[in-house]
Amino acid sequence: MRRLFSPSHLSAGFIAVLVGYTSSAAIVFQAASAAGGSAADIGSWLWALGIGMFATSVGLSLRFRAPVLTAWSTPGAALLASGLVGVPMAEAIGAFLFASALIVACGVFGLFDAIMRHVPKTLAAALLAGVLTRFGLALFTSLAGQLLLVGLMFVVYLGGKRWLPRYAVPLAFLAGLLCAAGSGMIETGGLALTLAMPVWTTPTFSLTTLIGVGLPLFVVTMASQNLPGLAVLRANGYATPASPLITWTGLTGLVLAPFGGFAFNLAAITAAICMSPAADPDPAQRYRAAIWAGLFYLLTGLFGATVAGLFTALPAALVAAIAGLALLGTIGNSLGAALAEEREREAALVTFLCTASGISLFGIGSAFWGLVLGMLVLKAWPPR
């Protein structure tokens, strides 16, 4: 029991949820509003997403004893924010069900496992490093706007690494909170504690909405979320089979879509926080951090907009700094693994740079294209 309540597990789980909500909760609000959602509908969406991420993160992490963290599809939410304008809520729910059914089909028939078996570990590590690079850079770019806050967190982190390495990130986060509170940078004036309530919407199916919204939602969720999410697991040494992970996230979407759970998938960036050495020096124990993240997801689901508002009340520089500090070890390890094999170094470098560039082609993010280009380089110019 003492191991379950380790401060490093708890803080890694909290920071993962903090980063996830502060970086994209606003996009979920926009997506629900685009479909004409009321305040009750938006609360229901957040309830469904929180409950679904709790169930899959805790269930899958316990089942495989690996830090399997799930998330909503952030690129999917961005797509919905523009694609659902003028679309009735019932048709939107139908598109969510369609996308989740396609995800289940991929999991059941093992299509994702077949793809990932052909991805070298060096490219998986390069993909992870590219995905996380912007968070490492944000740690230092945030110094310009909040020198005292971020500088203090960085100094506390370095001191923690020297004397209390396991608690370096929690101590830096605590120092940041105290500094922000003392400087009046935490804005909690508009917060009110209210429970979110699920709202059922009976789905209807329109061919144009299924093709125009459901199919792109499936593609971006698989290519921009599940692909890097599985690569993060592989890059950190977890050989968890892909099929059950994909299947269960898809099934969760089928159950919760009528309440607004538009898409569930493997997390990449936030999962890397739970897989970092800061979460636990022993990789076999890091799944406990994902369990804590799942419990925080449960709270965010039950209290919906209240918790999202609390997260957005924190200074952006504090969130950027703690995310960067929590991921420093993972970025370093990933770069080392990506460039370890000299014969595959050029392909790994292409994957890293393309992924880190943040480009988007045909609505699909840079993680997918980075891996595609890296594989092409590896196949076209095989190592000798």
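This structure is a prediction, so every number in the text was calculated from the model and none was measured. (Residues numbered from 1 in each chain as written. Predicted model: local features only at pLDDT ≥ 70, side-chain atom pairs only at ≥ 80, totals over all residues. Heavy atoms only, no water.)

### Thoughts on helix 8 (residues 168-182)
Structurally, the α-helix is built with 3.6 residues per turn, so residues lying three or four positions apart point the same way. With 15 residues, helix 8 ought to run about 21 Å at 1.5 Å a step, and its terminal C-alpha atoms sit 21 Å apart, in line with that. For helix 8, the set of buried residues is Ala168, Val169, Pro170, Ala172, Phe173, Ala175, Gly176, Cys179 and Ala180. Looking one or two residues past helix 8, glycine 184 carries a phi angle of roughly 70°, positive in sign. (Helix = DSSP H or I, 4+ residues; strand = E, 2+ residues; numbered from the N terminus. Expected span 1.5 Å × (residues − 1). Buried < 20%, exposed > 50% of the residue type's maximum accessible area, 1.4 Å probe, protein only.)

### So, the nonpolar core
Of all hydrophobic cores here, the largest spans 121 residues; its most connected members are Trp45, Leu69, Leu84, Phe96 and Phe262. Per element, the largest residue contribution to this core is twelve residues, and it comes from helix 1 (residues 7-34). Excluding residues within four positions of it along the chain, phenylalanine 96 makes contact with Trp45, Leu80, Leu84, Leu217, Ala257 and Phe262. (Core = buried A, V, L, I, M, F, W, Y, C linked by side-chain atoms within 4.5 Å. Contact = heavy atoms within 4.5 Å.)

### Structural notes on the packing of helix 4 (residues 89-108) against helix 10 (residues 242-256)
It is the contact of helix 4 with helix 10, at a shortest axis distance of 7 Å, that shows an interaxial angle of 160°. One element, helix 4, and the other, helix 10, form an angle in the roughly antiparallel class. Viewed along their axes, helix 4 and helix 10 form a crossing whose handedness is left-handed. In this structure, helix 4 uses Leu97, Ser100, Ala101, Ile103, Val104, Cys106, Gly107 and Val108 to contact helix 10, whose residues at the interface are Ser243, Ile246, Thr247, Thr249, Gly250, Leu251, Gly253 and Leu254. Taken together, the residues of the contact of helix 4 with helix 10 break down into nine nonpolar, seven polar and no charged. (Axes fitted to C-alpha atoms, helices over the stretch in contact; angles between N-to-C directions. Parallel < 35°, antiparallel > 145°, perpendicular 65-115°, else oblique. Left-handed = near helix turned anticlockwise from the far one by under 90°. Nonpolar A, V, L, I, M, F, W, Y, C, P; charged D, E, K, R; others polar.)

### With respect to the side chain of serine 6
For serine 6, the position within the fold is in the segment before helix 1. At 3.0 Å, the side chain of serine 6 and the side chain of serine 8 are in polar contact. (Polar contact = N/O pair within 3.5 Å; in protein donor to acceptor, adjacent residues only side chain to side chain.)

### Brief notes about the layout of surface pockets
A volume near 830 Å³ is recorded for the largest pocket. Together, 37 residues line the largest pocket, and Thr74, Pro75, Arg134, Gln225 and Ile269 are the ones closest to its centre. For the lining of the largest pocket, the element with the most residues is helix 1, which contributes eight residues. Of the residues contributing to the lining of the largest pocket, the split by class is 21 nonpolar, 15 polar and one charged. Taken as a whole, the second largest pocket holds about 260 Å³ of empty space. Forming the walls of the second largest pocket are 14 residues, and the residues nearest its centre are Phe112, Ile115, Ala223, Leu227 and Phe368. At the level of secondary structure, the elements contributing two or more residues to the lining of the second largest pocket comprise helix 5 (111-116), helix 9 (207-235) and helix 16 (366-380). Sort the elements by how many residues they give to the lining of the second largest pocket and helix 9 lands first, with five residues. A breakdown of the residues in the lining of the second largest pocket according to their chemical character gives 14 nonpolar, no polar and no charged. (1 Å grid on protein atoms, 1.4 Å probe; cavity = no way out; pocket = protein on both sides within 12 Å on 5 of 7 lines; lining within 4 Å. Points joined across faces, edges and corners; volume = space filled by probe spheres on them.)

### Re the packing of helix 6 (residues 121-141) against helix 9
It is at 8 Å that the axes of helix 6 and helix 9 come closest, and there the two elements cross at 115°. Helix 9 is crossed by helix 6, and the crossing has left-handed handedness. Taken together, the residues of helix 9 that come into contact with helix 6 (itself represented by Ala124, Ala125, Leu127, Leu128 and Val131) are Leu227, Pro228, Ala231, Val232 and Ala235.

### Here's the deal with the packing of aromatic side chains
Per the counting criterion, the structure on display carries nine aromatic pairs. Plain terms: the ring middles of phenylalanine 14 and phenylalanine 173 are 5.6 Å apart, the flat faces sit at 50° to each other, and that makes the pair tilted. Here phenylalanine 14, found in helix 1, pairs with phenylalanine 173, found in helix 8; they are 159 residues apart in sequence, far enough to count as distant. Exposure remark for phenylalanine 173: the relative accessible area of 9% places this residue in the buried category. Centre to centre, the rings of tryptophan 45 and phenylalanine 96 are 5.5 Å apart; their planes meet at 80°, and the pair counts as edge-to-face. Here tryptophan 45, found in helix 2 (residues 39-64), pairs with phenylalanine 96, found in helix 4; they are 51 residues apart in sequence, far enough to count as distant. Residue tryptophan 45 is classed as buried on the basis of its relative accessible area of 2%. By the ring-pair criterion, three or more aromatic residues cluster together here, those being Phe14, Phe173, Trp292 and Phe296. Over the ring of phenylalanine 64 we find arginine 63; its NZ or CZ atom is 4.8 Å from the centre of that ring. (Phe/Tyr/Trp six-rings, centres within 6.5 Å; stacked < 30°, edge-to-face > 60°. Lys NZ or Arg CZ within 6 Å of the ring centre and 35° of its normal.)

### Quick word on unusual backbone geometry
Positive phi is not limited to glycine here, since arginine 65 has a value of about 50°. Within the element layout of this structure, arginine 65 appears in the loop between helix 2 and strand 1 (70-72).

### Brief notes about the confidence of the model for the protein chain
Mean pLDDT over the protein chain stands at 86; residues scoring 70 or higher make up 94%. Per-element averaging of pLDDT across the protein chain places helix 13 (residues 305-312) at the bottom with 68 and helix 10 at the top with 95. (pLDDT = per-residue confidence, 0-100.)

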